[in-house]
Every structure is written in C-alpha cells, then in structure tokens.
Amino acid sequence: PYLDTTLADSQVNAPEEFNVNPGDIGVARTSLRPAGKIQLGDQKIDAITQGDFIEKNQEIVVVKLEANRVIVSLKTADT
C-alpha cells in the first residue's frame, strides 16, 4: 500500500509524451527547489522553476518548453 502509492506518485513520463503548452496551468505535486514534479490534468510531469522556489500544492503556470524541460513559475493573478 504505502510503497505502491509512493511508486505511483514518483512515476513521471517525458514531456514530449504529453501535449504541454506555455500557459497551461497546474499544481506543484512536490516542492520545486528548483526541480520537482507538477500535475497538469491527470498527467505528472518533471518541471523546473523559472526562478523562485515553489511549494507543494501551489498553482503553477507553464512558462516555456526548453529542449526536454518544462519551465514553470508560480501562478499569479496576472497569469
């Protein structure tokens, strides 16, 4: 049970397998310091912050895709 849950949460696929676009909004599944995991819909994806650290469960926005990395920032009222 615990191990199954932990392993399920740790499984992440490469961003090119998903339809990820700048402007997509999701949630930080882990703290991003600066790298971690985000959730976009039902997809868990590795991501890196554009600058500041982002705490778990905060809303994020995809800023850009760079090579095979998803770059995100904290969602604000402006984004």
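Residues numbered from 1 in each chain as written. Predicted model: local features only at pLDDT ≥ 70, side-chain atom pairs only at ≥ 80, totals over all residues. Heavy atoms only, no water.

Caption draft 1: View of the overall build of the protein chain. On a plain count of helices and strands, the protein chain comes out with one helix and five strands. When the elements of the protein chain are put in sequence order from the N terminus, they spell out α-β-β-β-β-β. Per-residue burial for the protein chain yields a buried fraction of 25% across its 79 residues. The contacts in the protein chain between residues at least 6 apart in sequence include a share of 45% that link residues at least 24 apart. Accessible surface, the protein chain: about 5,100 Å² in total, of which carbon and sulfur atoms supply 50%. (Helix = DSSP H or I, 4+ residues; strand = E, 2+ residues; numbered from the N terminus. Buried < 20%, exposed > 50% of the residue type's maximum accessible area, 1.4 Å probe, protein only. Contact = heavy atoms within 4.5 Å. Areas by Shrake-Rupley, 256 points an atom, 1.4 Å probe, with all protein chains shown as cover.)

Caption draft 2: Structural detail: the pairing of strand E3 (residues 43-49). Note: strand E2 (residues 35-40) against E3, six bridges, orientation antiparallel. In the sheet register, Leu-40 faces E3, and the bridge partner there is Gln-43. Between the end of E2 and the start of E3, which pair antiparallel, lie two residues, with Gly-41 showing a positive phi angle near 65 degrees. With two bridges joining them, E3 and strand E5 (residues 69-74) adopt parallel strand pairing. Residue pairing for E5: Thr-49 is matched across the bridge by Val-72. (Pairing = 2+ DSSP bridges.)

Caption draft 3: Layout of unusual backbone geometry. Here Arg-33 and Pro-34 are connected by a cis peptide whose omega angle stands at -10 degrees. Mapped onto the elements, Pro-34 comes out in the loop between strand E1 (25-28) and E2. For Asn-57, which is not a glycine, the phi torsion comes out positive at approximately 75 degrees. The residue Asn-57 is located in the loop between E3 and strand E4 (59-66) in this model. In this structure Asn-57 comes out as exposed when scored by relative accessible area, which is 58%. Of note in the backbone geometry, Ala-67 takes a positive phi value of approximately 55 degrees without being a glycine. Here Ala-67 shows up in the loop between E4 and E5. Taking the relative accessible area as the measure of exposure, Ala-67 reaches 82% and is therefore exposed.

Caption draft 4: Inspection of the pairing of E2 at higher detail. Direction of pairing for E1 relative to E2: antiparallel, over a ladder of two bridges. Note on E2: the bridge partner recorded for Val-27 is Gln-39. Between E1 and E2, which follow one another and run antiparallel, lie six residues.

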